[in-house]
Amino acid sequence: MQNNNLDNNAQNSQKSKQQAAKRNRPKNLNLFTIRMPINALVSILHRVTGCVLFVILPLLLLLLQLSLSSAEHYAMVVNLLHSLFIKLMLLGLAWAFFHHFFAGIRHLAMDVHWMTTLMKARFTSKAVLGLGVLATLMLAIILWS
Amino acid sequence: MVIELLTKRYPGMRAWLMQRLTALVMAIYSVMALGRILLEQPSDYEAWLSFSQPWWWRVASLLFWISLSIHAWLGIRDVFKDYVPNASVRGLLLKLLVVMLWVYLAWATWLFLAYAGSADLVLR
Ligand code: HEM
Ligand code: HEM
């Protein structure tokens, strides 16, 4: 039964390559028209934060190289943190990482079929959102102390 | 059946699995990094160097970046599939994505394997 389905899928996917253009499947990916229950919110934030992390990769490498290159440059990188603007940026980016991390762990848990009923999934969604904010707050405390 | 699912006939399953494996590698590295930062609390340049210089840490960092490259490629590719309907525009963006990830990987490899390990960093 399972195997049959899979075989059909494989054939379909070959056919669908040719047919994809002709077939007009309905598709709604406009986020502003989608109702956002908490699981959907966690999911779309996982996607958004994943993209944000991708965009800042060169910045990350640049900062790492600068911070290693000499004591002066190291001091320069650390001094960046004296600016409120940079601090807030860093907090925002750190939140992006924390959220992507916790939501990613939630994904992995669900992939091994843990916490997959609707009520449990809602609970873990809240936990993911909460942990992301909590981790960011802790970083804020460290930055300002 | 599980093995069957990992053959070329089902590329989606491979992508799915790779996304998970790379996520796992990155998660482990992240926890290790956090643990080391809390333990060693590097607070000046010297400490930051000795944090970054152990060979096993640089190898772990490279493994992390290799995972990141694969993970980001699969992830951003999925996003493009959803939000860039025009096939030729999407093809172009995907090529750009691959080039960027290779450049970053080359840069990161050099940073971790050569630069962060070079002894004269300490002497300067
Ligand atoms: C014989 C039983 C099952 C098999 C062979 C099976 C297999 C799989 C596979 C291959 C995936 C990955 C699909 C993908 O994400 O592309 C998956 C994902 C998942 N499964 Fe199952 N599953 C089974 C039963 C269940 C049950 C009983 C539940 C829940 C009560 C469940 C919940 C989920 C969830 C939540 C995901 C994650 C979907 C996602 O990636 O967003 N599965 N399962
Ligand atoms: C600790 C590190 C990380 C973990 C545990 C993790 C986990 C995950 C998981 C499990 C997925 C699959 C979600 C799905 O199938 O819908 C995913 C997707 C993704 N990840 Fe990560 N990830 C991590 C780091 C990163 C980094 C550093 C980047 C950026 C360079 C990134 C970018 C993405 C993108 C763009 C997606 C696709 C999102 C989507 O299709 O909705 N991830 N991540």
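Here the residue numbering is sequential within each chain, running from 1 through the sequence in written order. To label them, take the chains in the order written and letter them from A, then take the ligands in the order written and number them from 1. Local features in this predicted model are restricted to residues whose pLDDT is 70 or higher, and side-chain atom pairs enter the listing and the counts only when it is 80 or higher, whereas totals over whole chains, interfaces and linings include all residues. By convention in this description, side-chain values take in all heavy atoms of the structure and omit both hydrogens and water.

Caption draft 1: Representation of the confidence of the model for chain A. Across the chain, each position has a pLDDT score giving the predictor's confidence in that residue, from 0 to 100. Chain-level pLDDT for chain A is 87 on average; 84% of the residues reach the 70-or-more range. Residue contacts are defined here by distance: any two heavy atoms, one from each residue, within 4.5 Å place the two residues in contact. Every residue in residues 1–11 of chain A is under pLDDT 50, and counting partners more than four places away or in other chains gives 8 contacts.

Caption draft 2: Structural detail: the interface of chain A and chain B. Taken residue by residue, the interface counts 32 residues in chain A and 40 residues in chain B. Note: buried area is the sum, over both parts, of the accessible area (probe 1.4 Å) each one loses when the two are combined. For the pairing of chain A and chain B, the buried interface totals around 3100 Å² over both sides, and the portion due to carbon and sulfur atoms is 72%. When the buried surface of chain A facing chain B is broken down by residue, Phe54, Leu61 and Leu68 of chain A rank first, second and third, together holding 23% of it. Salt bridge, as used here: a side-chain nitrogen of Lys or Arg that lies within 4 Å of a carboxyl oxygen of Asp or Glu. Counting across the interface, chain A meets chain B through 2 salt bridges. Here arginine 20 of chain B ties to aspartate 111 of chain A by a salt bridge, and the two come within 2.5 Å at their closest N and O atoms.

Caption draft 3: Quick peek at a nonpolar patch on the surface. Residues and elements named next belong to chain B. A cluster of nonpolar side chains, Leu24, Val25, Ile28, Met32, Trp55, Trp56, Val59, Leu63 and Ile66, forms an exposed patch at the surface whose accessible area comes to about 840 Å². Elements represented by at least two residues in the nonpolar patch include exactly α2 (11–40) and α4 (55–83). A run of H or I in DSSP counts as a helix once it spans at least four residues, and a run of E counts as a strand once it spans at least two, with each numbered from the N terminus. Per-element tally for the nonpolar patch: the top contributor is α4, with 5 residues. Patches in this entry comprise residues that are over 30% relatively accessible and not in a salt bridge; like charges within 9 Å are linked, as are nonpolar side chains (Val, Leu, Ile, Met, Phe, Trp, Tyr) within 5 Å. Computed by Shrake-Rupley with a 1.4 Å probe, the accessible areas treat only the displayed protein chains as cover when residues are assessed.

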